[in-house]
2 protein chains.
Amino acid sequence: MNEVEKFLEDQKVRPTAMRILIYKYMAQKKIAVALTDIENAFTKSDRTTLYRTLKTFEENGIVHQIDDGTGISKYALCENGCNCEIEQDLHLHFHCSNCNETVCLTEHKIPHINLPEGYLAEDVNLVVKGICEKCSGQ
Amino acid sequence: MNEVEKFLEDQKVRPTAMRILIYKYMAQKKIAVALTDIENAFTKSDRTTLYRTLKTFEENGIVHQIDDGTGISKYALCENGCNCEIEQDLHLHFHCSNCNETVCLTEHKIPHINLPEGYLAEDVNLVVKGICEKCSGQ
DNA sequence: CAATAAATGCACTTCCATTGCACTAATTAT
DNA sequence: ATAATTAGTGCAATGGAAGTGCATTTATTG
C-alpha cells in the first residue's frame, strides 16, 4: 500500500482509485484548484463524484476550501499542521488578477484581529488580490 | 432639494426617485445589504434596476461591495472618508454566523500585510466570521 | 418642441453549486 | 462464501445569483 493510500486511511477516508488520483493531482499542483480544473483533468469521471470527493476531503481535514473572491470555490491540500479549524493557524491566500491563480501563503499567518466588545471570532478569511511573483516578472 | 439628492449629485449620480429611496434604505440599515434585501423592500421596482443602481453607486464611490464569504454580494454605504480604493484605508467586515448579518467595522483598519518577494498587493479582503454582539447577548 | 441621452422593466442566459435517485462496488455479518 | 448493508459513483435535474440585450419610458438639452 502506497503513501497516499495510507494517508487517506489515516484521515478516515476510504482510498478509492478516484480519490487517490484527485489527491495526487492536487499534490502535484502548487496552487489552489477549482472543481472545474479537476473536472478538466479527469474527463472520464463525473462532476458529482469530484465534487463530493472534495467535500469528503474537506470534512476530513485533507483539503481546505478557499474563497478567493472570484466567486469560484477553490481547494488546496492542507499542509501538515494546517489545522484550518484553529483560528490561530489560519494562513492567508493570494489571488493574482493577472493569471487568475490562487495560492496559499502558508507561512504567512493572519495577525490577531481585535474586535469590538461582544464580538466573537470563529473564523477569519484574508485574501490579498494583486500580481503574483510569476506575473510581476521576478 | 434635500440632502440626499444633493449628495447624489455631488457624486455625479442623477438623483432619481428610485435611487433616493435605495440610498435612504441603505442609510437606515446599519448592516450590509444584499440585492435580494433591496428587492424585497421595493417589490414595485425591477431587480435589474436595483442591480444597476447598486453598480452605479459602486462606480461613484457611494457604496462598496462586500464579499463576506456567503457567496452573496453585499453592499454598504461608504462612510465619509471610506476611500475603498486606497488599500490603506480598507476596513474589515464581520459576518455573524447566527443572524447572518454582515457589518462594516469601519474603525478597524486592516493591518499591513507582508507578502513574499515579487508579490504586489492591489486589494485586501478581510472577513471575520463569528457571533456578533447582538447575538452573543452583550 | 424635437432630439438625444439616461434610466427602467422584461425576458432571457449563463454559471456554478447542490441534490435526488438509480446503479455499482466494497465491506460486514451470517 | 454468500447475503445484507453501506459507501461510492454517474446521470439528470434543480436552484440561486449574476449578468446582458433590447424595447420602453423618463428626463435633459439644443
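Refer to the preceding data block for the structure.
Owing to the predicted nature of the structure, the values given are computational and were not obtained by experimental measurement.

> Explain the sheet that holds strand S6 (residues 120–131) of chain A to me, please; I cannot follow it from the model alone.
Strand order in the open sheet formed by six strands is S5(A)-S4(A)-S6(A)-S6(B)-S4(B)-S5(B), with mixed pairing between adjacent strands. Bordering the open sheet on either side are strand S5 (102–109) of chain A together with strand S5 (102–109) of chain B, each of which pairs with just one other strand. Taking the axes of each pair of neighbouring strands and ignoring which way they run, one obtains an average angle of 30° across the sheet. Here 11 bridges tie S6 of chain A to strand S6 (residues 120–131) of chain B, and the two strands are oriented antiparallel to one another. Bridge pairing links Ala-121 of chain A to Gly-130 of chain B in S6 of chain B.

> Mind showing me how you'd approach the protein's contact with DNA strand C here?
Looking at DNA strand C, there are 17 residues lining it, with Tyr-51 of chain A together with Arg-14, Arg-19, Thr-49 and Arg-52 of chain B nearest. Each atom of DNA strand C within 4 Å of the protein belongs either to a base or to sugar and phosphate, the latter forming 70%. Take Thr-16 of chain B: an N or O atom from its side chain is 2.9 Å from a phosphate oxygen of DNA strand C. Contributions of two or more residues to the surface near DNA strand C are made by helix H4 (47–59) of chain A together with helix H2 (17–28) and helix H4 (47–59) of chain B.

About the criteria used
- Residues numbered from 1 in each chain as written.
- Chains lettered and ligands numbered in written order.
- Predicted model: local features only at pLDDT ≥ 70, side-chain atom pairs only at ≥ 80, totals over all residues.
- Heavy atoms only, no water.
- Pairing = 2+ DSSP bridges.
- Helix = DSSP H or I, 4+ residues; strand = E, 2+ residues; numbered from the N terminus.
- Axes fitted to C-alpha atoms, helices over the stretch in contact; angles between N-to-C directions.
- Near = heavy atom within 4 Å.
- Polar contact = N/O pair within 3.5 Å; in protein donor to acceptor, adjacent residues only side chain to side chain.

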